[in-house]
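Listed below, chain by chain, are the residues.
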Amino acid sequence: MVERASFEITGREDFSEVTYSLVVHHPLMAKAANPGQFVIVMSHEAGERIPLTIADFDRHEGTVTLVVQAVGKTTREMQQTCKVGTRLYALVGPMGLPSRIGHAKKVVCAGGGLGVAPVFPQARGFKESGAYVIGVLGFRSKNLIFWSDKFSACCDELIICTDDGSAGIKGFVSDGIKRAIERHTGIDEVVAIGPPMMMKACVETTRPHAIKTIVSLNPIMVDGTGMCGGCRVKLGNEVKFACVDGPDFDGHKVDFADLTTRLRRYTEQEKLALQRWSDTCRMKEPLVSGGRNVAATPPHPPATELLELPDPFEDVRGG
Amino acid sequence: MGKKRTIRTIPQQRAPMPEQPVEQRVKNFTEVACGFSVADTLKEAERCLLCPDEPCIAGCPVGINIPGFIQKLGQKDFRSAYDIITQTNLLPAICGRVCPQESQCEKVCTVGDTLEPVAIGRLERWVGDTAIAEGWVNVPDIEPSRFKIGIVGSGPAGMACAADMAKAGCDVTVYEAFHQAGGVLKYGIPDFRLPNTIVDAEIDNLRKLGVKFECNTLVGRLFTIEQMRGEMGFDAVFIGTGAGYPSMLGIPGDSLNGVLSANELLTRCNLMRAKEFPGYDTPLIMGHRVVVIGAGNTAMDAMRVSLRLGAEKVSCVYRRSRTECPARAEEVHHAEQEGIEFHWLTNPVEILDDGNGGVRGMRCVRMELGEPDDSGRRRPVAVTGSEHELETDLVVFAIGTNANPIIGQTSKLKLNKRGYIETDDNLATSMVGVFAGGDIVTGAATVIEAMGAGRKAACSMKAYLRIRDVNRGYADAGDSIGQFFGLALSEQNFARVRVA
Ligand SMILES: Cc1cc2nc3c(=O)[nH]c(=O)nc-3n(C[C@H](O)[C@H](O)[C@H](O)COP(=O)(O)OP(=O)(O)OC[C@H]3O[C@@H](n4cnc5c(N)ncnc54)[C@H](O)[C@@H]3O)c2cc1C
Ligand SMILES: Cc1cc2nc3c(=O)[nH]c(=O)nc-3n(C[C@H](O)[C@H](O)[C@H](O)COP(=O)(O)OP(=O)(O)OC[C@H]3O[C@@H](n4cnc5c(N)ncnc54)[C@H](O)[C@@H]3O)c2cc1C
Ligand code: FES
């Protein structure tokens, strides 16, 4: 039988002040994972169960890669505690239905903010199935760009968009998609992953062209096994559970207003948790993570300000 | 023993259960019913008439020798009482607390014809608690067989099957999707009714039998049932994944913030310990005025948890009347004592938006009971013109659950129309060597029934392994009841169990 999973972190890379990758030992999961699936992580016993997309998997090494954006208490805490050699308390998955890598001939794989890494396995999957893959990646500015080499290797074309124009085209992911549609005929499918507002903008871009658009929804989850219904999303009049019926859905049917409202359910508590946590951190030694001083050296900014910086909704606004 | 007991000579009153006072308990998660003392136990044991027709045994879904263990209690032979119970029920501390005794053993108790029935559940609980406190466990001297058994789901069904197979000398591994074992007992039923320490103690007993628990394992996705039977080398597999897929309300407003399933509320509170937020990271927003829809055990738990988390007012909305209410009588009684407001014969029609995506209130109609339906209960029908509003900012729905779809999505197992796993009378599924039981087969039921199913499946599994023959596949366990070398066929599993 396959070696037992240790949940040990065997690799880590910091792409920017807010984005880092974790490579975790789990041979069985590396074997079972498919593009589009996700895991649920608990970093410690008193932690929250948070969903993260499987951004890459290495069946040979027996590892899965997660790319995390530090947006709140759990993800910031993990940024500090998840060092190479440490273990996650819990890691379960792969969850959700695998993405359907069909027989599309020409596809656009678009990722923005926390959606850049998750779209990678799909881009690679499409490439392997013989499709012409156009990658569209959105970042706020040049210094936040990561994995462009990995994407270059599996995309026939790569369009980088930055909010400030410091690299690639100035504009949002949806502008990148627009450009791809202008330049190409016969795009069979668009896959768009990122913050809800970005996905909404992408869906509105493709709607007039009637191009099938798949989005990966990220509602708040608890168990990830279909047991709580907390992850329910609206598709027209239908209610679906993102963790077992998704997370991929037909973007043209998704009720994004509903998703955005439901994501804000715990805003107050999230702020409180972050505040409390950063208060306790301040008492300890300066916080260093991945060779980089993350939680800025004194004076430590108040938690609410910290939250503003990488708000998943603000990031790559409008896609 | 002295004179023969008669209905006149036994104590006329039930020994009362010591309880935490209402004002105190609504502020904590400590157990409400504190448990009998030795004196209470001895007194209550005297109330059993030890009647010859033993209706209580037939009333128990797993057929515990009830007069037998009560007699031992009367003789102060507590260890033997425990041994008698554990011949059939492996989890007395749990079942004594959560079984609906009033509709099972206590319903048919002879004493109950005249007086209040013997408090069988409370006695059973006392025996279970004493065993935990004393560290009693019946670990037989097990001779290992060469069989490897995989169990999917660590609820009562999975635990019971695991225990029996481990006792038969098999190498048993239980896979659980959550990070802790126990199923509903852990994530659903709150501490004030069933403390997690009790569940953990029972799980530890299984570990002592050699059962291995692998948490964080989502079967179907990490590996499939087919893979378990194939490359992973499990000789037989039992599926007990429960029915925790909440039914939606399907009324306008049901996706507002502030509308959640009882499962979500209870999981956040019990398993993720949101009640200790921010010490634990998982948040839970409590309302001021909470309305819970439904009146089963799940609904009662959701209401009483809400109260303990600081809700000012908690109401229950149920479309039938109190008589039809499916919860354990004791839970309804406790809920009433704690000040839960019950709106019987009331049905929600719409949840009202507060303008910010939250809940402002709920529109309801009054119901009246009409003709009996398929379940034999009178069907509730709406009274025209009876619409009214309830003020609320948190709506919890506990209106039943469906089959979890993951195993169905990822295997070729035959499911029934409602998505539950189809089995024959011996709990064998459509796949050779794969058995299933508990809520995933019957739909939401009870702990003791799930446990009974786990044991029944274990029995079929043993029969299946005894005649392990690839060409013949599965032979019906029911037909082969008989003796072979002086042993029941179901015990012919290459293992000899000797109780130490
Ligand atoms: C299927 C899926 C895949 C995801 N993949 C990734 C990924 O690859 N990389 C990544 O960085 N993030 C991903 N996310 C989002 C990630 O789960 C949240 O950013 C994380 O839970 C935030 O936790 P926090 O405590 O750090 O922040 P908090 O301060 O708690 O919350 C920040 C924001 O995250 C959302 N959130 C909070 N708790 C949860 C939860 N339990 N489940 C989902 N969302 C929550 C809230 O809406 C909030 O606005 C994914 C989410 C889903 C549902
Ligand atoms: C809140 C609540 C209160 C209740 N109160 C009572 C009561 O007082 N008395 C009573 O008799 N009954 C009560 N019940 C009902 C009783 O708990 C259930 O009937 C019983 O637990 C069913 O047992 P089970 O083993 O079939 O499933 P469960 O207890 O549901 O256990 C199933 C387990 O399988 C796991 N699982 C699911 N899918 C997978 C997978 N693919 N891979 C791995 N693991 C998986 C789940 O995480 C879960 O832990 C209550 C139920 C609830 C929800
Ligand atoms: S996360 Fe609980 S049902 Fe999807």
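Parameters and conventions
Residues numbered from 1 in each chain as written. Chains lettered and ligands numbered in written order. Predicted model: local features only at pLDDT ≥ 70, side-chain atom pairs only at ≥ 80, totals over all residues. Heavy atoms only, no water. Helix = DSSP H or I, 4+ residues; strand = E, 2+ residues; numbered from the N terminus. Buried < 20%, exposed > 50% of the residue type's maximum accessible area, 1.4 Å probe, protein only. Contact = heavy atoms within 4.5 Å. Areas by Shrake-Rupley, 256 points an atom, 1.4 Å probe, with all protein chains shown as cover. Buried area = accessible area lost by both parts, 1.4 Å probe. Salt bridge = Lys/Arg side-chain N within 4 Å of Asp/Glu carboxyl O. Polar contact = N/O pair within 3.5 Å; in protein donor to acceptor, adjacent residues only side chain to side chain. Nonpolar A, V, L, I, M, F, W, Y, C, P; charged D, E, K, R; others polar. Near = heavy atom within 4 Å. Domains from an automatic or database assignment. Axes fitted to C-alpha atoms, helices over the stretch in contact; angles between N-to-C directions. Parallel < 35°, antiparallel > 145°, perpendicular 65-115°, else oblique. Pairing = 2+ DSSP bridges. Disulfide = S-S within 2.5 Å.

Draft legend 1. Highlighting the overall build of chain A. Along the backbone of chain A there are 10 helices and 17 strands. Here chain A, with 319 residues, has 60% of them falling under the buried criterion. Taking contacts inside chain A between residues at least 6 apart in sequence as the whole, the part at least 24 apart equals 67%. Here chain A has roughly 12,600 Å² of accessible surface; of this, 51% comes from carbon and sulfur atoms.

Draft legend 2. Region of interest: the interface of chain A and chain B. The interface is formed by 53 residues belonging to chain A together with 47 residues belonging to chain B. Together, the buried faces of chain A and chain B total about 4,100 Å²; carbon and sulfur atoms form 57% of this surface. Contact with chain B buries surface across chain A, with A:Met227, A:Arg232 and A:Arg265 losing the most and accounting together for 17% of the total. On the surface where chain A and chain B come into contact, there are two salt bridges. The partner of A:Lys31 in a salt bridge is B:Glu231, and the shortest N-O contact between them spans 3.4 Å. Here chain A and chain B share 15 residue pairs in polar contact (both at pLDDT 80 or more) between them. Residue assignment for the side of chain A that touches chain B shows that the elements contributing at least two residues are helix 1 (27-32), helix 2 (73-81), strand 6 (90-95), strand 13 (232-235), strand 14 (238-241), helix 7 (242-245), helix 8 (256-263) and helix 9 (267-283) of chain A. The biggest single contributor to the side of chain A that touches chain B is strand 6 of chain A, with six residues. Here the residues of the side of chain A that touches chain B are counted per class, giving 25 nonpolar, 13 polar and 15 charged.

Draft legend 3. The arrangement of the site of ligand 2 in detail. All names here are of chain B. Around ligand 2 lies a shell of 35 residues, among which Val98, Glu176, Arg193, Val219 and Asp439 are the nearest. Val184 places a polar main-chain atom, nitrogen or oxygen, 3.1 Å from an oxygen atom of ligand 2. Asp439 places a polar main-chain atom, nitrogen or oxygen, 2.9 Å from an oxygen atom of ligand 2. Broken down by secondary-structure element, the contributors of at least two residues to the shell around ligand 2 are helix 9 (156-167), helix 14 (297-308) and helix 18 (447-466). The element contributing the most residues to the shell around ligand 2 is helix 14, with three residues. Grouping the constituent residues of the shell around ligand 2 by class yields 17 nonpolar, 13 polar and five charged. Both domains that furnish three or more residues to the shell around ligand 2 are identified here as domain 2 (148-244 + 403-464) and domain 3 (263-400).

Draft legend 4. Spotlight on the packing of helix 5 (residues 78-88) of chain B against helix 8 (residues 120-134) of chain B. All names here are of chain B. Helix 8 packs onto helix 5 with a crossing angle of 110° between their chain directions and a minimal axis gap of 10 Å. One way to sum up the angle between helix 5 and helix 8 is to call them roughly perpendicular. Residues Phe78, Ala81, Tyr82 and Ile85 of helix 5 touch helix 8, and the partners they reach there are Glu124, Trp126, Val127 and Ala131.

Draft legend 5. How the structure looks around the pairing of strand 14 (residues 388-391) of chain B. Residue and element names in this part refer to chain B. Because side chains alternate across strand 14, one face comprises the buried residues His388 and Leu390, and the other comprises Glu389 and Glu391, none of which is buried. The sheet contact formed by strand 12 (residues 359-372) and strand 14 spans four bridges and is antiparallel. Bridging across to strand 14, Gly361 finds its partner in Glu391.

Draft legend 6. Quick look at unusual backbone geometry. Backbone torsion omega between A:Gly93 and A:Pro94 reads -5°, so that peptide bond is classified as cis. Among the structural elements, A:Pro94 can be located in strand 6. Residue A:Pro247 is reached from A:Gly246 by a cis peptide bond, and omega for that bond is 10°. One non-glycine residue, B:Lys76, lies in positive phi territory at about 60°. Relative to the helices and strands, B:Lys76 is located in the loop between helix 4 (66-74) and helix 5. Looking at B:Lys76, the relative accessible area reads 56%, which means it is exposed. Even without glycine at this site, B:Leu345 takes up a positive phi of about 50°.

Draft legend 7. The state of the cysteines, seen in detail. The final tally for this structure, using the stated rule, is zero disulfides over all chains. Between B:Cys56, a cysteine without a disulfide, and B:Cys51, which holds the nearest cysteine sulfur, the sulfur-to-sulfur distance is 6.3 Å.

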